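Spelled out from the first residue to the last, the chains are:
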Protein chains: 2
Amino acid sequence: MDRQKGIDVLFNPRTIAVIGASETRGKLGNDVMRNLIESGYEGRIYPINPKSSDILGHRAYRSIIDIASTIDVAVIVIPAKFVLKAVEECGEKGVKALVIITAGFKEIGHEGQELEKKLVDLAEKYEMVIQGPNCLGIINTSSPYNASFSSGTPSKGTIAFASQSGALMTGILDWSLMEKIGFSKFVSLGNKAHLNEADFIEAFGRDPDSTFILLYIESVVDGHKFMEACRKVIPQKPIFVVKSGVSAAGARAASSHTGSLAGSDTAYDVAFKQSGVRRANDMAALFDIASVFDDMYLPSGNRVAIVTNAGGPGILTTDACEASGLDIAQLSSQTIEFLKENLPPAAAVYNPIDALGTAQPEDYGLCIEAALRDENVDSVLVLLTPQAMTKETETAQVIVDAHTKYPDKPLIAVFMGGNSMVYPRIVLTEGHIPVFDFPERAVHALAELYKYTVSRDSLRDESIPKFKADKKKVEKIISDVRKDNRRVLLGNEAHAIAEAYDIPVAKIRLATSSEEAKNLAEELGYPVVLKIASPDIVHKSDIGGIKVGLKTPEEVEAAFLQILDNAKKHMPKAIIYGVDIQEMAETGKELIIGCSRDVQFGPLIMFGAGGIFVNYLKDISFKLAPMTRTDANELIMETKIGTLLKGVRGELPSDVIAIEDTILKISQLVTDFEEIVELDINPAFAYDKGKGVSAVDVKITIGG
Amino acid sequence: MDRQKGIDVLFNPRTIAVIGASETRGKLGNDVMRNLIESGYEGRIYPINPKSSDILGHRAYRSIIDIASTIDVAVIVIPAKFVLKAVEECGEKGVKALVIITAGFKEIGHEGQELEKKLVDLAEKYEMVIQGPNCLGIINTSSPYNASFSSGTPSKGTIAFASQSGALMTGILDWSLMEKIGFSKFVSLGNKAHLNEADFIEAFGRDPDSTFILLYIESVVDGHKFMEACRKVIPQKPIFVVKSGVSAAGARAASSHTGSLAGSDTAYDVAFKQSGVRRANDMAALFDIASVFDDMYLPSGNRVAIVTNAGGPGILTTDACEASGLDIAQLSSQTIEFLKENLPPAAAVYNPIDALGTAQPEDYGLCIEAALRDENVDSVLVLLTPQAMTKETETAQVIVDAHTKYPDKPLIAVFMGGNSMVYPRIVLTEGHIPVFDFPERAVHALAELYKYTVSRDSLRDESIPKFKADKKKVEKIISDVRKDNRRVLLGNEAHAIAEAYDIPVAKIRLATSSEEAKNLAEELGYPVVLKIASPDIVHKSDIGGIKVGLKTPEEVEAAFLQILDNAKKHMPKAIIYGVDIQEMAETGKELIIGCSRDVQFGPLIMFGAGGIFVNYLKDISFKLAPMTRTDANELIMETKIGTLLKGVRGELPSDVIAIEDTILKISQLVTDFEEIVELDINPAFAYDKGKGVSAVDVKITIGG
């Protein structure tokens, strides 16, 4: 069965069976039954319990098989060991969707994992969808129905929320009831054995009752499906994610620069960014954003007007705006003239507009409306402090009226105060004006709305460029390395792979004797570079394994012997294949271009300032492959060296197109060959515009 | 009169006169009178109003002169034009401290500024202190007394708060009453004509009722006094500052790298850091910190134990800790064994300690106590989500009991939820356990406490090194440049100044003809560098004004002519003094060392990665002069190039001591000569350890 069709049934079932329903308070099967009844579910409820004939006023059945009518959804709350049989029966009965609340599967280890696998097999066999197992259940406030063991049902609203932690969900539910935050859907993901975050994101995207999607996840099941679902939904609805486990670094052994510089969480960060998802690290702040989103249209730009009755809070707000990437709007001369005519002479008529401590509701009204009318303004923040002559409630009403008159631009209130602001805040909230007690939270929420529009608009339908490549040659090299029982490629092998993908690379040949070294140097042309060829020696320069600028056969011979000596001295146990003889590339701007592979999201491409100090400078950025040309350009320009490559201080610009090409070819190579787990080009030299790039040192590691 | 003695009287007056007291509701003089009476002030109140004989039950006087007894404090709320006379009378009467609420001084322009000056003169003449003018007044909750026109009096607490914005203060007061946050002192700084932030910081430092100092400022009156006051107080009490106006950049024209890289707010940031003050940008968060500080001892380290009944929130908290600079404690094996024995097998006994969703109050108790006992743990965060078997209130009590048993370590609760947490939160608050609804705010508050201890401990009593210097020579050069009506020094002048302070510098001589150029090159020794000598040409390399590596007289002659040609072509209006001939320094690691001058805090020293890309790399850090050797070392090590200078990847370390010396000598130079408003050494070359530093290009600008 199509998963989305399954979720449609799950969201709006006509009949629900509760397998494990119970009359006994404190049992989960009792909680689920009561929630279903109390949430006002209008379909038919079928409790299943072999020991009862009636549960909470509903006729109970021994087994789902015994029910005559069709069952859309079955909620399973029986012990784990009985679940498989129940699922089999649900399949036979033709149930479309299962909510398995029962714990004791993957989370308890190998045995549970096996059991969970069998669940999924049954789901596939009978074309059912499964939510869970080990979850809290599901709540749809529009249907309405609550098939969970939560205590209480959330208020109706437009936030669709899915969470990988059931406990977090219960906390948020309880909190939301006090804070009066509403939800459209409330989904506990549990172990995600069958349905996962990507399925629910897509379903939330199609759900007319949901306008704002909020996720708490600790991992994703399938990186590509997740990104695909997000990219599909983002143009219509914002997705905000709290992804925890940032710090559970898990020191992964990485031999490449790229591998060591990409933290365990980098791929998630990059994946969110590339699919338009906003990442947050503060749960409470997310609900601020949701509340603003709920009430307001999105801003069409980042220019904010501030209206205030006090200077200090105005400056604080200005600071917060600039720190959040919002601009203080430059008011039109028309607005400024209007304000000059209508405000006292001491008022500030530029932005922030300070209507002074004596500001009356009508003063606020004219300032706010002038700001909302101004085409240089995208949104308006209204600050109010309780001063002697301040009329808080009347001013609140004026703000509501202004919004009714000019509903297109976000209008947010910051009423700084406590008890004296209680009633004004009610006026604002009922008038659909988001209201905050300090400027920072308001600015943060507004900035996030704006950033969502930027993320959304940055999603492009651009094709992935394809370059000509000799795949056969790469296959051959990799298979030879495998036969040799190695994972780290020798320099000449790595360079040959790069060449096969038309990456401009310094030519390299392996010499096993000083005689051969001299001949190869002659063939490549002087000057040459000599490098130790050993899969065991990663940082060659550290042990004196590199000699550059060799101009004569004598120098080549001496360097050959010296390098072997150095290697033996510093790493006596390293396997030495010989010495690579390499043509000497003209020096350019030093770059690093590399790739590591994320278990969820695949090849992660790194670009940055190269050379031996890569790990100290950390002037790097990341994107996931495959990439478009715009992606490649962004990857370059996100770094400081990217700015330098454009040509500054009278320097000629570098060949950015050639760098983009190189990034795109690497992206293609590592997408074609999953075997390549790590790749570093460091340095690559970038030359002046039109003069290309040269990969000087290419390192490749293949998977086991 | 000593300002601190004046503030002592201001904090605890035995008698208060209200000049401008009024019977009429809505008048400030009425608000002040009512606040004084309602706050429970136990001293005698003397209303001054020529038109009344009795105000709010207190006998009124025509003038302060008419009162027989001594008056400690006079609050002035009459129109600005009458203030001067009233202050004069207060002086004659022997009043010790004035609170001038009246507005209409500096803030209205020149005329007001003159009036304000006269106020200060009178204060000095009669040895009084003045708070304000243009302020809200002052509140001392311990005395108690409220001599302000605020609406309401804050609760008693231990936060001393001073604010440059009266409106912000009223908002916070109102909010604090709702949020149940208490204050010891509440001071509105107003125009700071006489008493300013530094005076109140020192007074708060001495005040036994205040344990936590909080400031809102837009500027400081005297940078050095401010820093001195903070450094005096920080060892006893934390100071948190919200400094607004970060973004009011005010594009200051700066010709040096240092000047252009130091934003208008950099000096404040650096001054706060160097004096141990924590800067915050979120008002609400500050009160979180205050609440934790109020209840708990300071943590003795950054190792946190987390006790939870759910995995998800535990991971979120772990992330928040690591993002805030707190470490997840590694529990002792003893603790781990104890937990293993006492918790169910599925519980997580490492950190975070997950006592599972079934955790009962006694489970929480044993986990918390074990964590508090563990010497690897500096503080404990307890998370609770409302699950089926959770006993919220009993668990709250267990936390309170654990704190009573082990009061030395901070213990903070995060009870995630809303209505079901209302009563448990009361239990915690009454038991002096700070409680939050989401982990992030709790972690942030705890981290700030820890960071305060770090700031506090970093304040050292280390002397400022003094190097031998030829001050006379510098005076002579500066005076010659002045006579020449210039502000930008020529290369040879700047280098001579550096030499006078024993800064290792490349020798430089000015040539005005090609013949002279050749002779000077001979004298300095080949190879040499030629540079255009013009105060109008700042970025010499951009216009072809520098030629390096000249090895023969012929090359020098050609370069001399070419440079003059280039200068004429690119900057035809520039005044050309000739061409500087400079000895060619051996290349080393490129550094920049510079100085700009902040109007409040004086010389601001910059160090970083040098060369022509300084503005793009922005690998720089700042400190205020004068500096200790530790300061200089920190300045270096805060940059990425600092790490490289220590010697990485098998490279030899650079001569860090010589770099420190150079920084310290510059620090001494710009402290000695206030005339030097900007100084750049870029590049300075750093050589291997023991081989020193060489300043290759020194630029100096003097004040007008």
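Residues numbered from 1 in each chain as written. Chains lettered and ligands numbered in written order. Predicted model: local features only at pLDDT ≥ 70, side-chain atom pairs only at ≥ 80, totals over all residues.

## Some words on the packing of helix H1 (residues 3–11) of chain A against helix H6 (residues 197–206) of chain A
Residues and elements named next belong to chain A. Selection criterion: Axis definition: a line fit to C-alpha positions, over the contact stretch in the case of helices; interaxial angles, taken between N-to-C directions, run 0 to 180 degrees. Segments assigned H or I by DSSP are reported as helices when at least four residues long, segments assigned E as strands when at least two residues long, and all are numbered from the N terminus. To sort the angles, those under 35 degrees are grouped as roughly parallel, those over 145 as roughly antiparallel, those from 65 to 115 as roughly perpendicular, and the leftovers as oblique. Crossing handedness is read from the near helix: turned anticlockwise from the far helix by less than a right angle, it gives a left-handed crossing, and turned clockwise, a right-handed one. Contact criterion: two residues are in contact if their C-beta atoms, reconstructed from the backbone, are within 7 Å. Each residue is assigned to one class: nonpolar for Ala, Val, Leu, Ile, Met, Phe, Trp, Tyr, Cys and Pro, charged for Asp, Glu, Lys and Arg, and polar for all the others, Gly among them.
Where H1 meets H6, the axes come as close as 10 Å, and the angle between the chain directions of the two elements is 70°. On the basis of their axis angle, the class for H1 and H6 is roughly perpendicular. Pair H1 / H6 crosses with right-handed handedness. On H6, the residues that touch Arg3, Gln4, Ile7 and Phe11 of H1 are Asp199, Glu202 and Ala203. Its residues placed into classes, the contact of H1 with H6 shows three nonpolar, one polar and three charged.

## Considerations on the relation of the copies chain B and chain A
This is how it is decided: The superposition of copies rests on a least-squares fit of C-alpha positions from residues with pLDDT of 70 or more in both.
For the pair chain B and chain A, the best superposition has an RMSD of 0.2 Å and corresponds to a rotation of 180° with a translation of 0.0 Å parallel to the axis. Expressed as an axis order, the relation between the two copies is that of a two-fold axis. For chain B, the minimum C-alpha distance to the rotation axis belongs to leucine 617 of chain B and amounts to 4.8 Å. Looking at the interface residues of chain B, 98% of them are also at the interface in chain A, so both copies use one shared face.

## What to know about helix H14 (residues 392–405) of chain A
Residue and element names in this part refer to chain A. The criterion, for reference: Multiplying one less than the number of residues by 1.5 Å gives the expected span of a helix. Three classes are used. A residue is buried when 20 or more other C-beta atoms lie within 10 Å of its own, exposed when 12 or fewer do, and partly exposed in between, with C-beta atoms placed from the backbone. This arc corresponds to the set of directions leading from the helix axis out to the C-beta atoms.
Over its 14 residues, H14 extends 20 Å from the first C-alpha to the last, a length consistent with the 20 Å expected when each residue adds 1.5 Å. Of the positions making up H14, those classed as buried are Glu392, Thr395, Ala396, Val398, Ile399, Ala402 and His403. Summarising the axial view, the buried residues of H14 lie within an arc of 160°, below the 170-degree limit, and thus occupy one face. Exposed side of H14, more than 90 degrees from the buried face: Thr404 and Lys405 are the residues found there. Each element contacted by the buried residues of H14 is listed here: helix H13 (361–373), strand E18 (379–384), strand E19 (411–415) and helix H15 (422–430).

## A closer look at the environment of lysine 468 of chain A
Residue and element names in this part refer to chain A. Checked against the element boundaries, lysine 468 lands in the loop between helix H16 (439–458) and helix H17 (471–483). For lysine 468, a count of 7 C-beta atoms within 10 Å puts it in the exposed group. Separated by 200 residues in sequence, lysine 468 and glutamine 668 have C-alpha atoms that sit 10.0 Å apart.

## Things to note about unusual backbone geometry
Excluding glycine, most residues fall at negative phi; most peptide bonds, likewise, are trans. Following glycine 132 of chain A, the chain continues into proline 133 of chain A via a peptide bond in cis, with omega recorded as -5°. Relative to the helices and strands, proline 133 of chain A is located in the loop between strand E7 (129–131) and strand E8 (137–140). Here the amide bond leading from asparagine 351 of chain B into proline 352 of chain B is cis, since omega sits at 0°, within 30 degrees of zero. Turning to its location among the elements, proline 352 of chain B is positioned in the loop between helix H12 (333–342) and strand E17 (353–354).

## Regarding the sheet that holds strand E6 (residues 97–100) of chain A
All names here are of chain A. The line we're drawing: We treat two strands as partners when DSSP finds at least two bridges between them.
The five strands lie next to each other as E2-E1-E5-E6-E7, forming an open sheet whose pairing is parallel. The open sheet has two edge strands with one neighbour each: strand E2 (44–48) and E7. Across the sheet, the mean angle from the axis of one strand to that of its neighbour is 20°, orientation sign disregarded. With respect to the sheet, H1 is in contact with strand E5 (73–76), E6 and E7, its orientation differing from that of E7 by roughly 60°.

## Considerations on the domain arrangement of chain A
Spelled out, the test is: What marks off one domain from the next here is an automatic or database domain assignment.
On domain assignment, one finds that chain A holds domain 1 (3–244), domain 2 (297–458), domain 3 (485–583) and domain 4 (589–702). In this structure, domain 1 of chain A and domain 4 of chain A have C-alpha centres spaced 45 Å apart.

## Describing the pairing of E19 of chain A
Residue and element names in this part refer to chain A. Note the threshold: If the strands point away from the viewer and the path from the first strand over the helix to the second runs clockwise, then the crossover is right-handed.
Taken across its five residues, E19 has five buried, putting it largely inside the fold. One ladder, built from five bridges, connects E18 with E19; its direction is parallel. Bridge pairing links leucine 383 to valine 414 in E19. The parallel pair E18 and E19 is bridged by H14, and the resulting crossover is right-handed. When E19 meets strand E20 (residues 435–436), the two strands line up parallel, connected through two bridges. Its bridge partner lying in E20, alanine 413 is registered against valine 435. The parallel pair E19 and E20 is bridged by H15, and the resulting crossover is right-handed.

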